[in-house]
Amino acid sequence: MKPFREAIRDQVLILDGAMGTMLQERGLKPGQSPEELNLTMPDVVASVHRDYIDAGADIIVTNTFGGSRFKLAHYGLEGRLAEINARAVEIARKEAGNKAWVGASIGPTGQFVEPLGEVAFDRMKAAFREQAEALIGAGADLISLETFLDIKECRAALIAIREVSRDIPVIAMLTFDDNGRSVLGTPPEAAAITLAAAGADVVGSNCGLGVDGMYDVLRRMREVTEVPMICQANAGLPVLVEGETVFPATPREMTAYHDRLIDLGVRVIGGCCGTTPAHIRAMREALAGRQRTWEPRSETTGATLLSSRAGWTAVGDGNKTAIIGERINPTGKKLYSEELREGKVAYIRREAMEQARAGATLLDVNVGAPGIDEPAAMERAVFCVSGAASVPLVLDSSSPAALERGLKAADGKVLINSVSGESKSLARVLPLARKYGAAVIGLTLDAKGIPDTAEGRLAIARRIRTAARKQGIPDADVIIDCLTLTVSAEQKRAAETLRTIRLVKEKLGLSTVLGVSNISFGLPQRPLISSAFFAMAMAAGLDAAIINPKDKAMMDAWRSAMVLLNRDPQAAAYIEAYRGEQAAVGAATPVSDRPLSIREQLARAVIDGDRDAIVPLVEEALASGLAPMQVSSEGFLPGLEEVGRRFERNIFFLPQVMQSADTMQAGFARLKQEMKGQAFESKGRILMATVEGDIHDIGKNIVCTLLENHGFQVFDIGKNVSAATIIARAKEYAVDAVGLSALMTTTMSEMDNVIKKLRAAGIKTFTMVGGAVVTQEYADRIGADLYARDAMEAVAKIKRLLAGKE
């Protein structure tokens with residue numbers, strides 16, 4: 001057989017369908033580990049592979065989706081991890097022969113990476129590396145990362161795999177909701193940028209959506225990546241038929257998008273939940289006469305694409321000049337330097353938010369104050385900025401240790417600031433960029449200093465590009481800093497900087513960046529010089545500028561230049577920025593200077609997720625005479641309700657919601673000290689459980705946290721909970737509602753069983769269901785009182801339901 005990478009250029013490959021439901025039909029017991037069957041029922045696993053190969057699958061995927069240490073530990077099988085994973089590859093290899101490629105499945109761990117969860121990046125990476133070593137060592141042809149909800153976890157998996165092998169092909173897939181984002185708020189564009197940068201050969205999506213919704217996701221991915229793509233859709237959305245969970249899409253319906261998918265550059269088509277050998281056979285037959293070779297567009301430098309968890313941006317290649325906010329830098333900032341030494345992040349959070357609101361498209365993060373642990377400070381800063389703003393990051397440090405800590409803490413593809421032309425710098429920084437999938441800023445200086453001429457700086461830029469290419473870093477991921485020198489000391493060199501911009505773009509085709517404000521250092525009326533030079537640099541082709549986005553003169557120059565350089569179509573952004581303002585140049589926008597009341601400050605701290613500020617504000621509120629219940633109802637809850645509104649409008653996403661919830665919990669902890677044993681008035685008693693056979697509880701845990709924050713008493717009885725236990729606890733706690741969660745198609749029918757047994761037992765309580773595979777239609781069919789698609793909706797609906805009961 002051809003090497004996989006060559007094969008997907010020559011033809012579209014068919015990947016197999018669902019594994020879990022097939023195993024369930026053939027003897028997998030409720031609550032049993034599917035991966036255990038590799039050891040106890042290998043013939044059953046082999047029969048699934050055989051059926052898919054007979055149906056025409058080109059790739060069969062091993063029964064190792066839950067083969068990580070985290071997942072196997074739920075069944076006491078973590079000690080047999082290597083054996084389970086290796087055996088799975090052996091079973092698949094025997095059936096595949098030379099008829100199919102063996103793809104080794106790796107799924108999510110069920111845990112979140114810090115700061116959203118409690119698992120450190122290195123620990124998560126180690127878990128994936130352990131599984132990858134077993135799979136690759138057993139002879140897998142490729143790795144398939146499937147059904148990831150968290151871009152950071154998937155990135156950790158990719159980095160772990162690439163530590164084991166730079167050569168093995170890797171498919172990486174995120175799961176998206178019908179709102180076009182992952183459950184943690186990542187859009188398809190950011191996912192594609194991050195995954196491709198981290199080493200994925202094929203990117204795409206599986207589960208969550210039918211083929212129509214998945215087409216829209218992949219179309220958006222194609223706008224930012226040239227790597228091959230994969231579509232692994234569900235067979236529609238699940239429904240309940242005669243007590244069984246059924247995915248209704250027919251094999252013919254699953255093939256309706258084949259032509260459009262192939263036109264997008266989808267080179268692997270497969271099936272996820274509900275797909276069977278019949279679906280795979282139909283996909284194979286539908287490809288007849290549609291096969292065509294595929295080549296990405298000819299390689300050009302293109303834009304530098306950067307991403308965060310919730311956003312992305314493009315630098316260069318005709319895009320607007322990127323604004324890199326410079327304010328998170330301790331130079332000349334006594335308050336920030338003090339906070340760094342104390343381990344606080346209030347200044348960082350405030351500046352991240354304000355600069356993003358002012359128009360920054362990237363945020364520079366510098367924590368290089370004397371006398372601090374810079375790697376630890378960089379990690380804290382990256383966690384903070386990532387939670388406060390959705391724009392991508394620029395990690396600004398001369399310390400490789402600090403850079404690496406920041407690269408681990410980041411959610412997406414970042415820009416490293418910086419590497420110089422000095423061999424020592426190149427050797428220390430470029431390998432980090434390659435390993436963690438980052439772009440770099442190259443400074444046009446070396447051990448001899450900054451050349452006087454544009455030609456001298458060009459030569460250093462060329463040297464940096466050559467070194468980056470040797471590391472496998474594409475030209476698009478190298479941005480050259482042509483260096484701004486203060487005009488008060490070396491007036492002639494300003495013109496050389498502008499000439500360097502033109503030369504770098506003309507001779508090397510690379511994007512350029514400047515720290516613009518350096519030009520006016522030591523002169524009066526600095527904004528006049530800085531804004532004029534900024535406009536001249538943009539006219540010369542400057543692609544990114546490190547400036548203060550809160551400086552009105554600089555932003556006025558930027559918006560005006562974007563119109564004049566035809567980078568603001570129909571002057572739309574310019575008009576939006578200045579709509580309603582007086583024509584007078586430099587007229588200031590009126591800003592309210594009314595101080596916030598203590599109640600408003602409490603709400604603001606919850607909205608911003610400012611954990612550092614919440615306890616001092618609670619102290620202030622109590623000292624002013626507010627009772628603990630007033631602090632909660634008039635301070636905390638209005639803030640949390642605003643978080644909910646922003647979540648509904650896709651302004652906030654789950655990480656921001658959890659950050660706000662964590663902040664509120666810290667405030668509650670202080671209030672409870674004042675209550676002296678008294679309890680807050682409960683809005684209702686809720687029992688929460690993940691149903692029997694399902695070991696996934698991330699979503700349930702989030703719902704529990706938010707319900708508690710909204711004043712409910714929550715009894716969380718865990719995961720893989722039997723119907724008998726749920727009924728017994730519902731009676732014992734006399735609850736007002738029972739919430740049931742399921743992530744897997746093989747376990748969602750247990751919700752129906754629990755609800756029927758609750759009613760048969762005469763327990764009069766509301767029921768609420770949710771989970772990745774659950775729908776409103778499914779909830780209606782099993783008689784649940786309400787369905788929630790996410791945690792915020794669960795809180796809102798249960799509040800309305802119980803209020804109606806009262």
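In this report, we go over the structure that sits alongside the text.

Here is what the cut-offs are and how they apply
Residues numbered from 1 in each chain as written. Predicted model: local features only at pLDDT ≥ 70, side-chain atom pairs only at ≥ 80, totals over all residues. Heavy atoms only, no water. Helix = DSSP H or I, 4+ residues; strand = E, 2+ residues; numbered from the N terminus. Buried < 20%, exposed > 50% of the residue type's maximum accessible area, 1.4 Å probe, protein only. Lys, Arg positive; Asp, Glu negative; His and termini not counted. Salt bridge = Lys/Arg side-chain N within 4 Å of Asp/Glu carboxyl O. Contact = heavy atoms within 4.5 Å. Pairing = 2+ DSSP bridges. Right-handed = clockwise from strand over helix to strand, strands pointing away. Phe/Tyr/Trp six-rings, centres within 6.5 Å; stacked < 30°, edge-to-face > 60°. Lys NZ or Arg CZ within 6 Å of the ring centre and 35° of its normal. Axes fitted to C-alpha atoms, helices over the stretch in contact; angles between N-to-C directions. Parallel < 35°, antiparallel > 145°, perpendicular 65-115°, else oblique. Left-handed = near helix turned anticlockwise from the far one by under 90°. Nonpolar A, V, L, I, M, F, W, Y, C, P; charged D, E, K, R; others polar. Patch = residues over 30% accessible without salt bridge, like charges linked within 9 Å, V, L, I, M, F, W, Y side chains within 5 Å. Areas by Shrake-Rupley, 256 points an atom, 1.4 Å probe, with all protein chains shown as cover. Core = buried A, V, L, I, M, F, W, Y, C linked by side-chain atoms within 4.5 Å. Disulfide = S-S within 2.5 Å. Polar contact = N/O pair within 3.5 Å; in protein donor to acceptor, adjacent residues only side chain to side chain.

Moving on, we come to the side chain of E339. Tracing the chain through its elements places E339 in helix α14 (residues 334-342). For the buried E339, no salt bridge is present, and the opposite-charge side chain at shortest range is R350, 5.5 Å distant. Sequence-distant contacts of E339, that is, excluding residues within four places in its chain, are made with K344, V345, A346 and Y347.

On to the pairing of strand β24 (residues 766-770), then. Burial of β24 is extensive: 4 of the 5 residues sit out of reach of the surface. Sheet topology note: the strand β23 (residues 737-741)/β24 ladder contains 5 bridges and is parallel. Looking across to β24, one finds that L740 is bridged to V769. When β24 meets strand β25 (residues 786-787), the two strands line up parallel, connected through 2 bridges. Of the residues in β25, the one forming a bridge with M768 is L786. Since β24 and β25 lie parallel, the crossover through helix α31 (residues 776-782) that links them has a hand, and here it is right-handed.

This structure, assessed with the given rule, holds 53 salt bridges. Among the ionic pairs, R87 bridges to E90, the shortest N-O distance being 3.5 Å. Note that R87 and E90 are positioned in helix α6 (residues 81-96) at a spacing of 3 residues, about one turn of the helix. Residue R87 is classed as partly exposed on the basis of its relative accessible area of 31%. Using a relative accessible area of 43% as the deciding quantity, one classes E90 as partly exposed. Its salt-bridge partner being R646, residue E642 comes within 2.9 Å of it at the nearest N-O pair.

In total, this model carries 7 aromatic pairs according to the counting rule given. Between F715 and Y733 the ring centres are 4.3 Å apart and the planes differ by 5°, which places this aromatic pair in the stacked class. Of this pair, F715 sits in strand β22 (residues 713-716) while Y733 sits in helix α29 (residues 723-733), and the two are 18 residues apart along the sequence. Residue placement shows R260 over the ring face of Y215; its charged tip is 5.8 Å from the ring centre.

Taken in spatial order, the 8 strands line up as β1-β10-β7-β6-β5-β4-β3-β2 in an open sheet, and their pairing is parallel. The outermost strands of the open sheet, each flanked by one partner alone, are β1 (13-14) and β2 (59-61). Pairing of β1 with strand β10 (residues 266-271) involves 2 bridges; the strand directions are parallel. For I14, the partnering residue across the bridge sits in β10 and is I269. Across the sheet, helix α7 (residues 121-137) is in contact with β3 (101-106) and β4 (142-148); its angle to β3 comes to roughly 160°.

Closest axis-to-axis distance for the helix α16 (residues 374-388)/helix α17 (residues 400-409) pair is 8 Å, and the angle between their directions is 30°. Taken as axis vectors, α16 and α17 run roughly parallel relative to one another. Of the two elements, α16 crosses α17, and the hand of that crossing is right-handed. On α17, the residues that touch E374, P375, A376, M378, E379, V382 and F383 of α16 are A401, A402, R405, G406 and A409. Its residues assigned to classes, the contact of α16 with α17 comprises 8 nonpolar, 1 polar and 3 charged.

Together, V563, L564, Y574 and I575 make up an exposed nonpolar region whose accessible area comes to about 370 Å². Taken together, the elements giving at least two residues each to the nonpolar patch come down to α22 (552-564) and α23 (572-578). Its place among the elements puts V563 in helix α22.

What follows concerns the nonpolar core. Judged by nonpolar contacts, the single largest core of 161 residues is most densely connected at L145 and F534. Those residues within four positions of L145 in sequence are excluded, and the remaining contacts are I106, C154, A157, L158, I161, V170, I171, A172 and M173. Grouped together as the second largest cluster of nonpolar side chains are 30 residues, F112, M688, V714 and L802 included.

The next point concerns the state of the cysteines. Scanning all chains against the criterion turns up 0 disulfides. Here C231 is not disulfide-linked; the sulfur of C272 is the nearest cysteine sulfur, at 10 Å. Given a relative accessible area of 2%, C231 falls into the buried group. Not part of a disulfide, C273 finds its nearest cysteine sulfur in C207, a span of 3.6 Å. On the basis of relative accessible area, C273 is assigned to the buried category, the value being 12%.

Now for the side chain of N234. Of note, N234 is situated in the loop between β7 (229-233) and β8 (239-241). Residue N234 is classed as buried on the basis of its relative accessible area of 4%. Reaching out from N234, the side chain makes a polar contact with the backbone nitrogen of C273 at a distance of 3.0 Å.

Glancing now at the sheet that holds strand β18 (residues 478-481). The parallel closed barrel is built from 8 strands, whose spatial order is β13-β14-β15-β16-β17-β18-β19-β20. The mean inter-strand angle of the sheet, taken between neighbouring strand axes irrespective of direction, is 30°. Strand direction decides the pairing type here: β18 and strand β19 (residues 511-515), joined by 3 bridges, are parallel. What sits directly across from I480, in β19, is T512. Packed on one face of the sheet, helix α15 (residues 346-358) meets β13 (322-328) and β14 (362-365) and runs near 155° to β13.

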